Amino acid sequence: MDVALIPAFNEEETIYEVVTRAKRIGLTPIVIDDCSKDRTSELARKAGAIVLRHERNRGKGEAIKTGFNFLKNLDGVKHVVLLDADLQYLPEDSLNLLLPLKEDRVDIVFGCRDFKKIPLRHRLGNWVWRNSFNLFFRTNFKDTNCGLVALTREAIEKVKDGLQGGYIVENSILVQALKNNLRVRQAPVRVYYKKKSSFLRGIRVVLGVLIFILKEGLKYRLKRI
């Protein structure tokens, strides 16, 4: 069984469609409602998803952890896709990420976006993150912060304890993958931005992720000296 974990917070406008499209391509959708104030849970159940709900807002990282822990109750789960609830990424592109996993060539597949499709301020932030990550971890990834990720069931056990929240989620998974010598590759995905971050919020986000990369990168390099 292949599962889509879908963290959601106030996503009543898109959650029904996301769940429906995930089911259409053979994924079992599990929505983690992070204490939404709207009809997110109701519409997700109506579309046919398993719904887990936080009683208070805890953030994307904790929502994913809740999903990972719930998988222990499901038999036969082989692969898991982390899928956004707002249609920034298309559920159908999950198939591009799942194929290398099913062929047992890799353990984790990250989406790789076309940065020409990304607003300039977001593009600049991603440029800083990507180059900093590659410098400190001696990698050559084209995209280190794409929110569409696919993992084997075994890989989840090795990355889940180091999972961080916010915009650090993807970097924290990537760091744990490298620390555990997991096989990682990337696959092209489409991306659609519906809104841009404000300038000040963007600065805070960029700095927060950059600090995480620098801190973890230094620890990673020191352990290999």
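What counts, and at which threshold
- Residues numbered from 1 in each chain as written.
- Predicted model: local features only at pLDDT ≥ 70, side-chain atom pairs only at ≥ 80, totals over all residues.
- Heavy atoms only, no water.
- Core = buried A, V, L, I, M, F, W, Y, C linked by side-chain atoms within 4.5 Å.
- Buried < 20%, exposed > 50% of the residue type's maximum accessible area, 1.4 Å probe, protein only.
- Contact = heavy atoms within 4.5 Å.
- Salt bridge = Lys/Arg side-chain N within 4 Å of Asp/Glu carboxyl O.
- Helix = DSSP H or I, 4+ residues; strand = E, 2+ residues; numbered from the N terminus.
- Expected span 1.5 Å × (residues − 1).
- Pairing = 2+ DSSP bridges.
- Axes fitted to C-alpha atoms, helices over the stretch in contact; angles between N-to-C directions.
- Phe/Tyr/Trp six-rings, centres within 6.5 Å; stacked < 30°, edge-to-face > 60°.
- Lys NZ or Arg CZ within 6 Å of the ring centre and 35° of its normal.

Undergrad: Please clarify how the nonpolar core should be interpreted in this entry.
TA: Buried together is how nonpolar side chains tend to be arranged in soluble globular proteins. Grouped together as the largest cluster of nonpolar side chains are 39 residues, with contacts concentrated most on L5, L71, L82, I108 and L151. The residues touching L71, leaving out its near neighbours within four places in the chain, are V3, L5, I30, V77, V80, R153 and I156. With 32 residues, the next largest nonpolar core counts V51, A85, Y89 and L101 among its residues.

Undergrad: Teacher, can you tell me more about the pattern of salt bridges here?
TA: Where charged atoms from two side chains of opposite charge approach closely, those side chains can pair. The full count for this structure, using the stated rule, is 18 salt bridges. A salt bridge links R190 to D93; its shortest N-O distance comes to 2.7 Å. Of this pair, R190 sits in the loop between β7 (184-188) and α8 (199-223) while D93 sits in the loop between β4 (79-82) and α4 (94-102), and the two are 97 residues apart along the sequence. R105 is the salt-bridge partner of E103, the closest N and O atoms lying 2.4 Å from each other. Each of E17, R21 and E92 takes part in a single network of salt bridges with overlapping partners.

Undergrad: Please clarify how the side chain of D93 should be interpreted in this entry.
TA: Judged by relative accessible area, which is 4%, D93 ranks as buried. With residues up to four places along the chain from it excluded, the contact list for D93 reads L148, V189 and R190.

Undergrad: Would you explain helix α5 (residues 120-137) in this entry?
TA: For an α-helix, 3.6 residues make a turn, and residues three or four places apart therefore share a direction. Across its 18 residues, α5 extends 25 Å between first and last C-alpha, which sits within 8% of the 26 Å expected from 1.5 Å per residue. Turning to α5, its buried residues are H122, G125, N126, W129, R130, S132, F133, N134, F136 and F137. One or two steps after α5, the chain reaches R138, where phi turns positive at roughly 55 degrees.

Undergrad: It is not clear to me how unusual backbone geometry should be interpreted in this structure. Could you clarify?
TA: Among all residues except glycine, the phi angle is most often negative; among peptide bonds, the trans geometry is most common. Despite not being glycine, C35 shows a phi value in the positive range, around 65 degrees. Position of C35 relative to the elements: it lies in the loop between β2 (28-33) and α2 (40-47). For R138, which is not a glycine, the phi torsion comes out positive at approximately 55 degrees. Mapping R138 onto the fold places it in the loop between α5 and β6 (149-152). On the basis of relative accessibility, which here comes to 64%, the residue R138 falls in the exposed class.

Undergrad: Which parts of the structure should I look at to understand the sheet that holds strand β5 (residues 108-112)?
TA: Either a parallel or an antiparallel arrangement is found when strands of a sheet pair, and the pairing is made through backbone hydrogen bonds. Ordered by their spatial adjacency, 7 strands build an open sheet running β3-β2-β1-β4-β6-β5-β7, and the pairing between neighbours is mixed. This sheet does not close on itself; its edge strands, each paired only once, are β3 (50-53) and β7. Recorded for the sheet is a direction-independent mean angle of 20 degrees between the axes of neighbouring strands. Examined bridge by bridge, strand β1 (residues 2-8) and β4 share 4 bridges and lie parallel to one another. Of the residues in β4, the one forming a bridge with V3 is V80. Set on the sheet, α2 makes contact with β1, β2 and β3; between it and β3 the angle comes to about 160 degrees.

Undergrad: Before we go on, may I ask you to explain the packing of aromatic side chains in this structure?
TA: As enumerated under the stated definition, the model contains 3 aromatic pairs in all. Here the aromatic rings of F133 and F137 are separated by 4.3 Å at their centres, their planes lie at 20 degrees, and the arrangement is stacked. Of this pair, F133 and F137 both sit in helix α5, 4 residues apart, which is roughly one turn of that helix. Arranged with centres 4.9 Å apart and planes meeting at 45 degrees, the rings of F137 and Y220 form a pair that is tilted. In this pair, F137 is assigned in helix α5 and Y220 in helix α8, connecting sequence segments 83 residues apart. Assigned by exposure class, F137 and Y220 land together as buried. Ring pairs connect the aromatic residues F133, F137, F141 and Y220, which therefore count as one cluster. We note R130 situated over the ring of F115; from NZ or CZ to the ring centre the distance is 4.8 Å.

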